[in-house]
Structure formats: C-alpha cells, structure tokens
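Survey of secondary and tertiary structure
Each chain, written out:
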Amino acid sequence: MAKTLLFGGLTTIHELFIKGAVESLGYSARFLPNPDNTSLAIGREFCNRGMCNPTYYTVGNLVKFLLDESKKGVDVESKYFFVTVGACGPCRFGMYETEYRHALKEAGFKNFKISILNQSELSSEGDFELTPSLMWALVKAVWLADIVRDLGYQLRPYEIEKGSVDEVIEGFKPRIYGALKEGAPVKETILLLKELRKELEKLRFDYTRVKPVVSVIGEFWAHTTESAGNYHIHRWLEEEGAEVRPEPIAGWIDYQLFIEEERIKRDIKVKGFSLDRLKRLLAVKSMAAVFRGLYNLYRSVFSFRPKALPPQKELSELAKPYFDHFVVGGEGHLEVGKHVYNVIHKKAHMVLSVKPFGCMPSTQSDGAQAKVLSDYPESIFISIETSGDSEVNVKSRVQMKLFEAKRAAEKEFYNLLSSLNVSESAFKKAFSSSEPFIKLKGKFAGTAARALYGNQTKLQPYLDFVPEAT
Ligand code: SF4
C-alpha cells in the first residue's frame, strides 16, 4: 500500500487546496491539524535548543500527530511520509530538515521518511517528485486559496448577517478542493470562482462602517499561520474592529523569483554573459509573468477586489535605503519594503509586523524599521514578538496602536465626507445595504472612504432637495 503524504504549516484553506492538487497526481495526502501550544511544548522537548518558534511549532506539530496516531495503534512509519520545504540560507530555515530528523529520532520514529522540496532549486528528494505538472497544480491551489482567503478578510467586516461570508466560503471550499483533485484546468476553476461570486452577491454589506485597515506582515510563517503560533492574530484583529490585509503566499513565491532573477543579472554583470545564464534569466522571467498573469486572472473574477501583488522591483527600491535585497534570510528586505509601500500608497492605516521568538532576520529588519519610522513619522507601526506565552501583553500593545489606527481611519473618512459636501445621513442611506463588489476607488486606505469616492452617483437619490430660485 502506498504511503500517505503528510504536510502542514500553512492555513487550513491553503492546505485543503494543496491536498487536492497533490491528490490529482495520484498521491494520497493528509494535512496536519493546526499547531497549538502543545505542539510548541513537544517541539521544545524534542528539538535542539536555541531554535526559532516556527521550528518548534512545526516540528512539534508533526511529532504530536505521530504520537497521537501511534496511541491509536497506527504504524506511522509504514503508513506516512512527510513533505517539507528545505533551503540553505543564513537563518534557521536551512536547519529545518535536520531538526525534523533529529526530533523524530528522539521521539522514537527513527525510520520515519521525510521528503524535501528544495525551494531554491525547485527540486525534490525522497518519495515525492516535484514534476512540472505538480508544480502547476500547486500554483493553482495556492493562488486560489490566497484569493478566497483575501476575499473573506475584505468582506467579513462589512457583512450585515454575521457569519454569512464564512458560510458561503465554507460551502465552496469542498467544491474547489474537488475540482483541484480532479485536475481541473484553469478555465474550470474560473467557472467555480464565478459561481462563488454569484453566491456572495446574494449577501448584503454595510460599507458605512469606518474601519481601520491593518496590514499583517513579518516573518513568513508567523504572519501566515492562523493558529496559536501568532495568537490567531488575524481573526482577533477582525473581532477588535479592524479590516485585515493578510499577505498572500503568492507574494512570497513572487519574491523568490525576483531574487533569482536579480542573482542571474548580477552573475551576467560580474562573471559575464553566457547562453546558459540568458536561458535561466528568460525562464525565471517567464515563470514570474505566467504566475502573476494567473493571479490577476483569478482576481478579475471578483472585479480585481483581491489585493494585487505589489511589484517586487518597487519593494526592493523602497527598501534599498535600509536593506539590501541580496541580504536574504527570512523575508529579507520584504518587510521593510512592504512597510514603506503600505504607507506611501495608503494601503493600510496600520502595519503590524509579527516576529517569532528567536528569529535573527526579524531582529535585523526591526532595526531597519526604526529608521523607516523616523523617515515616515505618519506610519502607525507595531512589531510584536510571538513566543507562545505573553499573549495578553502582546494583544494589549496591539490594541493601543489599533486605537490610533481607528482615529486615523475616521479622520480620513470624515475629511472626505466634508470635502465632497455630503451629509453622513445621505451616505448611510446609500451605502448601508450594498452588494459586495461595489467599486472601491481613490487613494484612501479605508474601505468606507473608497466606497464613497468610487460611487458618488449612488448618493443622488439621498441628497437633500434644494428648490431652484425663481
Ligand atoms: S526567518 Fe526567523 S523564524 Fe523564520 S525560519 Fe528563519 S530564523 Fe526561523
């Protein structure tokens, strides 16, 4: 009997869709449950000392699952194998593979097999083969998960019936998973997204709610996970009255391709031109263009509402005064670039940077962020460290910044209202029960302000009647 492939570490929606993609190629796959603080404790018990938090959470989560399965009498070494991403690099990410092997041995699973997907060389080792078809299936799955997740975060804060957006999305997730499992081509996945749009269009939204938009950036795992690993920060912010901008995983892949492209260009400049380098450059450039094209195609189904991927060249230029893009490890220059990008393009009222305990690249970028803040004093920025404990302290610090962001969102909105000479009551009548995909326009961070600016004709029936002078 073929072994079942285990994987984990992203969000539930990404994992479900990735499972579909992997199964379409004939594998049997299962994703791990979300890591919790027991995973952290198990990770600390079996990993080497001095690791960063994501190592403890992810390694501990696998060991926890295997221990639970063993207790049920499952022979885990012959039933499962685990796939993880490996890399060489200056941070502890390069040591994950060793940590997995070490912890598994310590926990009594010395024959448990691990397959490695090598992120920098797009290759694989072990029982799992990264073929071009699998890579394409994975890209579709991850992009779809990014888009649907992003929509959820954009729509939920304005839904009139609480829970309605999640209900529609939850209802569609198994259908998208099923399509990916059947190896559906892009055309079919687009038809499914169109159906999802139709279902969302049946719901009503109150765009008069003036909410602070919070961009969540930071270390890749810490800002992506929706688990105890970051105190469930995305949903918590939403409960606190924010509209959250999560980072898409597509942005991380786009960054990897950008760095690869820059490396090849540097080689051509320093070591000289060769046909091989030219070929590699063209391959990376076309891959990035195709991936971005697919992302935009999926966004187009929802009137481009899911956030666009920021241009990597611009992010690196914005980060340049503070962080060189060849300094890799963690998110490299990205954290700084995204912070400045959010501020100058008014993409969010507040930037929250999530850093895991024990993360060296995060410490470096935090140093640079201090200078960014002195250059952009208008930024509302907070960096938090996730250590598994001190949740109350962290959330209390975030609440204080969120209060500032709320004030900033209100100021932005009421300034616009008065500059357009519109009464609040007319605005409320026009926008308190809207369809989801109304046009959002203007260089404002807030959704209420963008809705108002982009749909001024909607106000006409509600403007006070002024009789003409006779
Ligand atoms: S970026 Fe930081 S948290 Fe992430 S793997 Fe590297 S050291 Fe660990």
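Here the structure is a predicted model, which is why all the values come from computation and not from measurement.

With respect to the site of the ligand
Near the ligand lie 13 residues; those nearest to it are Cys52, Cys91, Phe93, Gly330 and Cys359. When residues in the shell around the ligand are grouped by element, the largest group, 3 residues, is from helix α15 (residues 360-375). Considered class by class, the residues forming the shell around the ligand number 9 nonpolar, 2 polar and 2 charged.

Regarding the sheet that holds strand β9 (residues 381-386)
An order of β7-β6-β8-β9 is seen for the 4 strands of this open sheet, with the pairing classed as parallel. The sheet is open, and its two borders are formed by β7 (243-245) and β9, each paired with just one other strand. Looking at each pair of strands side by side, their axes are set apart by 25° on average, direction ignored. Of the strands in this sheet, β6 (213-218), β8 (350-356) and β9 are in contact with helix α16 (residues 391-419), which crosses β9 at around 165°.

Some details on the packing of helix α13 (residues 312-319) against helix α14 (residues 334-344)
Close contact between α13 and α14 brings their axes to 8 Å; oriented N to C, the two are set at 95°. Between α13 and α14, the interaxial angle falls into the category roughly perpendicular. Within the contact between the two elements, α13 uses Glu314, Leu315, Ser316, Leu318 and Ala319 and α14 uses Leu334, Val336, Gly337, Lys338, Val340 and Tyr341. Residues that form the contact of α13 with α14 fall into these classes: 7 nonpolar, 2 polar and 2 charged.

A word on the domain arrangement of the protein
In terms of domains, the protein is made up of domain 1 (32-130), domain 2 (135-201) and domain 3 (215-404). Centre-to-centre, using C-alpha coordinates, domain 1 lies 25 Å away from domain 3. The partner domain 3 presents 18 residues to the 14 residues of domain 1 that form the contact. Those elements giving two or more residues to the side of domain 1 that touches domain 3 turn out to be α2 (37-46) and α3 (53-71).

Some thoughts on helix α17 (residues 424-431)
Note: α-helices contain 3.6 residues per turn, so residues at a spacing of three or four share the same orientation. Of the positions making up α17, those classed as buried are Phe427, Ala430 and Phe431. One side of α17 carries all its buried residues, which in axial view fall inside an arc of 80°.

Things to note about the nonpolar core
Phe17, Val63, Ala141, Leu144 and Val214 are the most contacted members of the largest nonpolar core, which totals 104 residues. Here this core gets 12 residues from one element, more than from any other, and that element is helix α6 (residues 132-155). What Ala141 contacts, discounting residues up to four positions off in sequence, is Phe17, Ile18, Gly20, Ala21 and Leu180. Residues Leu315, Ala319, Val336 and Val340 belong to the second largest nonpolar core, which totals 13 residues.

Examining the pairing of β8
Counting buried residues along β8, 7 of its 7 residues qualify, which places the element largely inside the surrounding structure. Where burial is concerned, the two faces of β8 agree: the one with Met350, Leu352, Val354 and Pro356 and the one with Val351, Ser353 and Lys355 are both buried. Across 5 bridges, β6 lies against β8 in parallel orientation. The partner of Val214 across the bridge, within β8, is Met350. The parallel pair β8 and β9, bridged by α15, forms a crossover whose chirality is right-handed.

With respect to the packing of helix α11 (residues 249-271) against helix α12 (residues 275-301)
Taken N-terminus to C-terminus, the directions of α11 and α12 make an angle of 160°; their axes are 10 Å apart at the nearest point. Classified by the angle their axes make, α11 and α12 are roughly antiparallel. The handedness of the crossing between α11 and α12 comes out as left-handed. In contact with Ala250, Ile253, Asp254, Leu257, Glu260, Glu261, Ile264, Lys265, Asp267 and Ile268 of α11, α12 contributes Arg277, Arg280, Leu281, Val284, Lys285, Met287, Ala288, Phe291, Arg292 and Tyr295. A per-class count over the contact of α11 with α12 returns 11 nonpolar, no polar and 9 charged.

About the cut-offs
Residues numbered from 1 in each chain as written. Predicted model: local features only at pLDDT ≥ 70, side-chain atom pairs only at ≥ 80, totals over all residues. Near = placed C-beta within 6 Å. Helix = DSSP H or I, 4+ residues; strand = E, 2+ residues; numbered from the N terminus. Nonpolar A, V, L, I, M, F, W, Y, C, P; charged D, E, K, R; others polar. Pairing = 2+ DSSP bridges. Axes fitted to C-alpha atoms, helices over the stretch in contact; angles between N-to-C directions. Contact = placed C-beta atoms within 7 Å. Parallel < 35°, antiparallel > 145°, perpendicular 65-115°, else oblique. Domains from an automatic or database assignment. Buried ≥ 20, exposed ≤ 12 C-beta atoms within 10 Å, placed from the backbone. Arc of directions from axis to C-beta. Core = buried A, V, L, I, M, F, W, Y, C linked by C-beta atoms within 7 Å. Right-handed = clockwise from strand over helix to strand, strands pointing away. Left-handed = near helix turned anticlockwise from the far one by under 90°.

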